[in-house]
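Chains, contacts and geometry: an overview
The primary structure of each chain is shown beneath.
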Amino acid sequence: MNWDQIEGKWKQMKGSAKDQWGKLTDDDLDQAEGKRDKLVGKIQEKYGIAKEEAEKQVEAWSSNR
């Protein structure tokens, strides 16, 4: 699924994202607004990982949608 689709369906996708990254709060996911770069930033912040690793995780997650 591409990011335009994910962004358009973000309310439905938030549950899947929360399952994938349990440390993200509903507020974190609301702030991400389905935007890839914002989601990557939230994952970096909560998990203390490098941007590249967060991007890999987001790419893998979005590929499975």
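1. Comments concerning unusual backbone geometry
Here Glu33, not a glycine, exhibits a phi torsion of approximately 55 degrees, which is positive. Within the secondary structure, Glu33 sits in the loop between helix H3 (26-32) and helix H4 (36-47). By relative accessible area, Glu33 is classed as partly exposed at 40%.

2. Regarding the nonpolar core
Soluble globular proteins tend to pack their nonpolar side chains together in the buried interior. Grouped together as the largest cluster of nonpolar side chains are 15 residues, with contacts concentrated most on Trp10, Trp21, Leu39, Ile43, Val58 and Trp61. Listing elements by their share of this core, those giving two or more residues are helix H1 (3-8), helix H2 (10-20), H3, H4 and helix H5 (51-63).

3. Some words on the pattern of salt bridges
A complete count under the given rule lists 7 salt bridges for this structure. If you follow the salt bridges from partner to partner, you end up with Asp28, Lys42 and Lys46 in one network.

4. A short note on the environment of Lys51
Inspection of the secondary structure puts Lys51 in helix H5. Considering only alpha carbons, one finds Lys51 and Gln31, 20 residues apart in sequence, at a separation of 18 Å. In this view, Lys51 contacts Val40 and Gln44; residues no more than four positions away in its chain are not counted.

5. Points about the side chain of Ser16
Its place among the elements puts Ser16 in helix H2. In terms of polar contacts, Ser16 uses its side chain to reach the side chain of Arg65, at 3.3 Å. Non-local contacts of Ser16, meaning those with residues more than four positions away in its chain, are made with Trp61 and Arg65.

Thresholds applied
- Residues numbered from 1 in each chain as written.
- Predicted model: local features only at pLDDT ≥ 70, side-chain atom pairs only at ≥ 80, totals over all residues.
- Heavy atoms only, no water.
- Helix = DSSP H or I, 4+ residues; strand = E, 2+ residues; numbered from the N terminus.
- Buried < 20%, exposed > 50% of the residue type's maximum accessible area, 1.4 Å probe, protein only.
- Core = buried A, V, L, I, M, F, W, Y, C linked by side-chain atoms within 4.5 Å.
- Salt bridge = Lys/Arg side-chain N within 4 Å of Asp/Glu carboxyl O.
- Contact = heavy atoms within 4.5 Å.
- Polar contact = N/O pair within 3.5 Å; in protein donor to acceptor, adjacent residues only side chain to side chain.

It is worth stressing that arrangement in space is one thing and function is another; only the former is reported here.
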